[in-house]
Amino acid sequence: MAAALRRVCGGVTGRVSLRSCSQQRAASTGRTFLLNRWPLPLLLVSSGGYLGYHKYKWREQPEGAPPVLATPTQVALYRSFPTRLLSRAWGRLNGVELPTWLRKPVYSLYIWTFGVNMQEAAVEDLIHYRNLGEFFRRRLKPAVRPLCANSCLISPADGKILHFGQVKNSEVEQVKGVTYSLENFLGPQKGRENDSSSSFRDRLLSSPDNDLFHVVVYLAPGDYHCFHSPTNWRVELRRHFPGSLLSVNPGVARLVKELFCLNERVALTGQWQHGFFSLTAVGATNVGSIRVYFDQELQTNIPRYSKGSFHDRSYVAADNLLSKVGGKGGVASGEGDGVVLQKGAAVGEFNLGSTIVLLFEAPKDFSFNLQAGQRIRVGEGLGSL
């Protein structure tokens, strides 16, 4: 009897122990499952809360106070995100042909989200656009962007004016109070380094009676994504800077100093009637593709290009053999006397929105007809003499 009782009790104890072990394993497995599943959502939520807190702190700054910038550690962390890889993946997704039945609902959602005016599009029928890329790069009706005849300089793109004015101390404002280095942005200029006593800004000028000016136009996702020539000028050099693809949203531009120097960009430099002129297309997240119509060799956001380098192509026959700068500058031969662009001519396109920066030499009495933050469209006047 005692032995039977021990067997029963042992069996019960064993079953209880087994059940306890099973429960412990389940609990452990559950914890492991949660640990495996939760880090990414927790990271996203905590990062979002952190960024939101800093944006709140920025908004609480009194008028006239110095801007609150992201620390170098915060910028390095942001740059460590695989934005280039994500942008390449987004570019491939944009090229996937959508079924005919799906095109209208997908594009209609985008139109509603970003306020796209399809009445200006050359093709209003949404079924015509085979993929998202074609829709983003849609063309406009010829008459909807008339060119301002009274201004020597017109807007190269649809968008918002972030900043404009004179370039002082070789520093350019990307938004109010946040600057970047002109030399870092444009890179070394051939034939302009001889006078080391003058500033980089002064070496760009052809006459002491002139000054250097700049305009920054931000293109939102819903804007027309092609950019045009802002004046009659001659492009002598294309310089491609591989780099990061950080967001150029004005909220981010207020936090990250030298943002435009960190991002991938394509700078076209040359001459107009008053001297030096440049148009730079700055890439951003999901905008790895920058296309220049007259330069089929240009390829942006591809793995073989490393950050911190730049790659030149001259369009002037006399400059066929450009020297490498700092051991990292790529070189390509040019032809002719440069690429002549007429005012309003289509120059290139983005895949989604980004930023155009104009830097140009003009007489000191040049005046802008702009306000910071205003909306502007291709062909509208920027300023006059």
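By convention here, each chain's residues receive numbers from 1 onward along its written sequence. Reporting in this predicted model follows two pLDDT cut-offs: at least 70 for local features of residues, and 80 or more for side-chain atom pairs to be given and counted; totals over whole chains, interfaces and linings ignore these cut-offs and use all residues. For the side-chain quantities, the full set of heavy atoms in the structure was used; hydrogens and water were omitted.

### With respect to the side chain of Ser181
Inclusion rule: Helix and strand definitions here come from DSSP, where helices need a minimum of 4 consecutive H or I residues and strands a minimum of 2 consecutive E residues; each element is numbered from the N-terminal end. Classification of residues uses two cut-offs on accessible area relative to the type maximum, computed with a 1.4 Å probe and protein chains only: under 20% is buried, over 50% is exposed, and between them is partly exposed. Here a polar contact is taken to be a pair of N or O atoms separated by no more than 3.5 Å, where protein atoms must pair a possible hydrogen donor with a possible acceptor and residues adjacent in sequence count only if both atoms sit in side chains. Contacts are assigned to residue pairs that have any heavy atoms within 4.5 Å of one another.
Structurally, Ser181 is set in strand β4 (residues 178–181). A relative accessible area of 13% means that Ser181 is categorised as buried. A polar contact is formed between the side chain of Ser181 and the backbone nitrogen of Asn184, at a distance of 3.2 Å. In this structure, Ser181 is in contact with Ser170, Glu171, Glu258 and Cys261, ignoring residues within four places of it in sequence.

### Regarding the sheet that holds strand β10 (residues 290–292)
The test is simple: Between any two strands, pairing holds if DSSP finds at least two bridges. Note on geometry: axes are C-alpha line fits, over the in-contact stretch for helices, and angles between N-to-C directions span 0 to 180 degrees.
As summarised here, the arrangement of the 3 strands in space is β6-β14-β10, forming an open sheet in which the pairing is antiparallel. The open sheet has two edge strands with one neighbour each: β6 (226–228) and β10. Neighbour to neighbour, the strand axes of the sheet diverge by 20° on average, direction disregarded. Across 3 bridges, the pairing between β10 and strand β14 (residues 346–350) is antiparallel. By the bridge assignment for β14, Arg291 is matched with Glu349.

### Side note on the sheet that holds strand β16 (residues 367–368)
Reading across from one edge, β1-β18-β16 is the order of the 3 strands in this open sheet, with antiparallel pairing throughout. For this open sheet the edge positions go to β1 (153–154) and β16, each flanked by a neighbour on one side alone. Bridging between β1 and strand β18 (residues 381–384) involves 2 bridges; their strand directions are antiparallel. Within β18, the position partnered with Ile154 by the bridge is Gly381.

### A closer look at the nonpolar core
Under the convention used in this document: Put simply, a nonpolar core is a bunch of buried Ala, Val, Leu, Ile, Met, Phe, Trp, Tyr and Cys residues held in one set by side-chain atoms that sit within 4.5 Å of each other.
In this structure, Val215, Ile356 and Phe360 are the most contacted members of the largest nonpolar core, which totals 34 residues. Counting only elements with at least two residues in this core, the list comes to β5 (210–218), β7 (233–241), β8 (265–272), β9 (275–282), β10, β13 (339–341), β14 and β15 (355–363). No other element matches β15, which puts 4 residues into this core. When residues no more than four places from it in sequence are discounted, the contact partners of Phe360 are Leu153, Asp211, Leu212, Phe213, His214, Val215, Trp272, Phe276, Phe277, Phe366 and Phe368.

### Quick notes on the side chain of Arg265
Examined against the element boundaries, Arg265 turns out to sit in strand β8. Separated by 2.9 Å, the side chain of Arg265 and the backbone oxygen of Asn184 make a polar contact. Residues in contact with Arg265, not counting those within four places in the same chain, are Asn184, Phe185, Arg239, His240, Phe241, Phe260, Thr280, Ala281, Val282, Gly283 and Ile290.

### Examining the environment of Arg92
In this fold, Arg92 is placed in helix α4 (residues 83–94). Along the backbone, Arg92 and Gly133 are 41 residues apart, and their C-alpha atoms lie at a distance of 9.1 Å.

### Things to note about the environment of Ala372
In this fold, Ala372 is placed in the loop between β16 and β17 (375–376). Residue Ala372 is classed as exposed on the basis of its relative accessible area, which comes to 56%. Separated by 212 residues in sequence, Ala372 and Lys160 have C-alpha atoms that sit 8.2 Å apart. The contacts of Ala372, once residues within four sequence positions are left out, are Ile161, Leu162 and Phe164.

### Re the environment of Arg145
Its location among the elements puts Arg145 in the loop between α6 (132–136) and β1. Along the backbone, Arg145 and Asp158 are 13 residues apart, and their C-alpha atoms lie at a distance of 9.7 Å. Look past the residues within four positions of Arg145 in its chain and what remains in contact with it is Glu120, Leu140, Asp158, Arg377 and Val378. Engagement of the side chain of Arg145 in a polar contact is seen with the side chain of Asp158, the distance being 2.5 Å.

### Quick look at the pattern of salt bridges
Defined as follows: One side-chain nitrogen of Lys or Arg within 4 Å of one carboxyl oxygen of Asp or Glu is enough to make a salt bridge.
What the rule picks out here adds up to 18 salt bridges. Among the salt bridges present, the one from Arg103 reaches Glu97, with a minimum N-O distance of 3.3 Å. For Arg103, a relative accessible area of 7% corresponds to the buried category. Between Arg139 and Glu349 there is a salt bridge, and its shortest N-O distance comes to 3.1 Å. Of this pair, Arg139 sits in the loop between α6 and β1 while Glu349 sits in strand β14; the two residues are 210 residues apart in sequence, bridging distant segments of the chain.

### Notes on unusual backbone geometry
Positive phi, normally seen in glycine, also occurs at Asn169, with a value near 55°. As for its position among the elements, Asn169 is in the loop between β2 (159–166) and β3 (171–175). On the basis of relative accessibility, which here comes to 72%, the residue Asn169 falls in the exposed class. A positive phi angle is found at Ser170, which is not glycine, with a value near 60°.

### Topic: the pairing of β14
For β14, the buried fraction is high: 4 of the 5 residues fall into the buried class. By the bridge criterion, 3 bridges tie β6 to β14 in an arrangement that is antiparallel. Its bridge partner lying in β14, Cys226 is registered against Glu349.

### Examining the packing of aromatic side chains
Let me state the cut-off plainly: Think of it this way: a Phe, Tyr or Trp ring, Trp meaning its six-membered ring, pairs with another when their centres are within 6.5 Å, and the plane angle makes it stacked under 30 degrees, edge-to-face over 60, tilted otherwise. Our definition puts a charge over a ring when NZ of Lys or CZ of Arg is within 6 Å of the ring centre and also within 35 degrees of the ring normal.
With the rule as written, the count across this model stands at 23 aromatic pairs. Relative to Phe368, the ring of Phe213 lies with its centre 6.0 Å away and its plane at 70°, an arrangement referred to as edge-to-face. Of this pair, Phe213 sits in strand β5 while Phe368 sits in strand β16, and the two are 155 residues apart along the sequence. With respect to burial, Phe213 and Phe368 carry one shared label: buried. Among the aromatic residues, those joined into a cluster by ring pairs are Phe164, Phe213, Trp233, Trp272, Phe277, Phe360, Phe366 and Phe368. The ring of Phe310 carries the charged tip of Arg239 above its face, separated from the ring centre by 4.3 Å.

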